[in-house]
Amino acid sequence: SLDDFNFPKSRNIKSSVFFLKYLILIREWFKESQIETPDFINENIFHLGQSYAFFWKNINFDPLFNGNNISNNHEFDLYLKRLGYSFKNENYEFSDYVSLRNKKINLIMDTGPSPSKKFSSKYQAGALSFEFVSNGKKILTNSGYFSKNNIQLNEMSRSSAVHNILVIDDNSSCKFKKNSNSELEIKDGLKITKKKIINEKNYWKINAAHDGYLKKYNLFYEREIEFYPDNNKLIGIDKIIGKKMLPNLKFDLRFHLNPLSKTMKTQDSKSIFIELEEQGWKFICENHEINIDNGLYFGKKNTYIENQNIFISGITN
């Protein structure tokens, strides 16, 4: 179930925490019964602990990628402290997730390929999507995951459109099909074809591309995100690159907002102001008209509430 980084092959963050909790419990039982702990348990706890540090201890929020929901790991933190476990991970990339951060800002992005069909039961088609957090508050958030007890909402929450990502011709970057248990699994996946990361004190950059639209439309999708910490300025460029001739296709680009956010669009439709508690951000798009659309937020497990997203639409030509 684990990859070369000892992270779940499903790319599911919640599963890594689940594995860690129970392996620690098993290890404590071995200690209690005065039996030597097998090496593979110690090794997996070490590696899964690095995952826990990367996705929780370092950032203290739940990234909404690939089946993850908002959790509360504070009690688990106390449990770890009481038993003397301390995990660290100073890397800014782990198992194809990139997390760039300073004391105020965190930019986290999924730069990984889709998992194999066998491990895809909770995968969401959100390759190259990202979340942007300022002073502990998510400004841009993916919409989260709805579990399978409601098939329609589960399918909706796994589409590309619930992520901060570009969608071509109303198609997600991966195709899903139902298996014999009526669960969605990947039919056509994607590979990452390009990736470059710069992490400097005054400049961050993530540049990546995938081939999720290559089979059907003969094109690649590339995203470049830059952040300038001194100016609190986030710049994004999305590219649709035709392998031969680029067909005329509709594209939609969404940036999902925290459900607590308030928005206001300027009269020229070139800017949108985002207010979240004591923070204010300005979203600008020079080349296309931007609008505000309604959506659903599945951040809390098995529930949903309405939220808003900034919506840009156009035709490739």
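Residues numbered from 1 in each chain as written. Predicted model: local features only at pLDDT ≥ 70, side-chain atom pairs only at ≥ 80, totals over all residues. Heavy atoms only, no water.

This part takes up the overall build of the protein chain. Per the secondary structure count, the protein chain includes five helices and 18 strands. Whereas a compact globule of 317 residues would reach a radius of gyration of roughly 20 Å, the protein chain reaches 20 Å, a difference of no more than 12%. C-alpha atoms of the protein chain, sized along the principal axes, occupy 70 × 50 × 35 Å. Here the protein chain holds 317 residues, and the buried ones make up 49% of them. Carbon and sulfur atoms make up 49% of the accessible area of the protein chain, which amounts to about 16500 Å² in all. Within the protein chain, the 37 negative side-chain charges are centred at a point lying 2 Å from the centre of the 45 positive side-chain charges. (Helix = DSSP H or I, 4+ residues; strand = E, 2+ residues; numbered from the N terminus. Rg over C-alpha atoms; globule rule 2.2 N^0.38 Å. Buried < 20%, exposed > 50% of the residue type's maximum accessible area, 1.4 Å probe, protein only. Areas by Shrake-Rupley, 256 points an atom, 1.4 Å probe, with all protein chains shown as cover. Lys, Arg positive; Asp, Glu negative; His and termini not counted. Charge placed at Lys NZ, Arg CZ, Asp CG, Glu CD.)

Now for a positive patch on the surface. Residues Lys-117, Lys-175, Lys-177, Lys-187 and Lys-216 make up a contiguous surface patch of positive charge. Mapping Lys-117 onto the fold places it in the loop between β3 (105-110) and β4 (130-134). (Patch = residues over 30% accessible without salt bridge, like charges linked within 9 Å, V, L, I, M, F, W, Y side chains within 5 Å. Salt bridge = Lys/Arg side-chain N within 4 Å of Asp/Glu carboxyl O.)

What follows covers the packing of aromatic side chains. All told, the structure shown has 22 aromatic pairs when counted by the stated rule. Between Phe-18 and Tyr-22, the aromatic rings sit 4.9 Å apart at their centres with planes inclined by 45°, giving tilted as the arrangement. Of this pair, Phe-18 and Tyr-22 both sit in helix α1 (residues 13-32), four residues apart, which is roughly one turn of the helix. Under the relative-accessibility criterion, Phe-18 is labelled partly exposed at 47%. For Tyr-22, a relative accessible area of 46% translates into the label partly exposed. Taken together, the ring pairs in this structure connect Phe-7, Phe-54, Phe-55, Phe-65, Phe-94 and Tyr-97 into an aromatic cluster. Above the face of the Tyr-97 ring, Arg-11 is positioned so that its terminal group lies 4.4 Å from the ring centre. Taking the ring centre of Phe-76 as reference, the NZ or CZ of Lys-21 above it sits at 5.3 Å. (Phe/Tyr/Trp six-rings, centres within 6.5 Å; stacked < 30°, edge-to-face > 60°. Lys NZ or Arg CZ within 6 Å of the ring centre and 35° of its normal.)

Keep in mind these numbers describe shape, not what the thing actually does.
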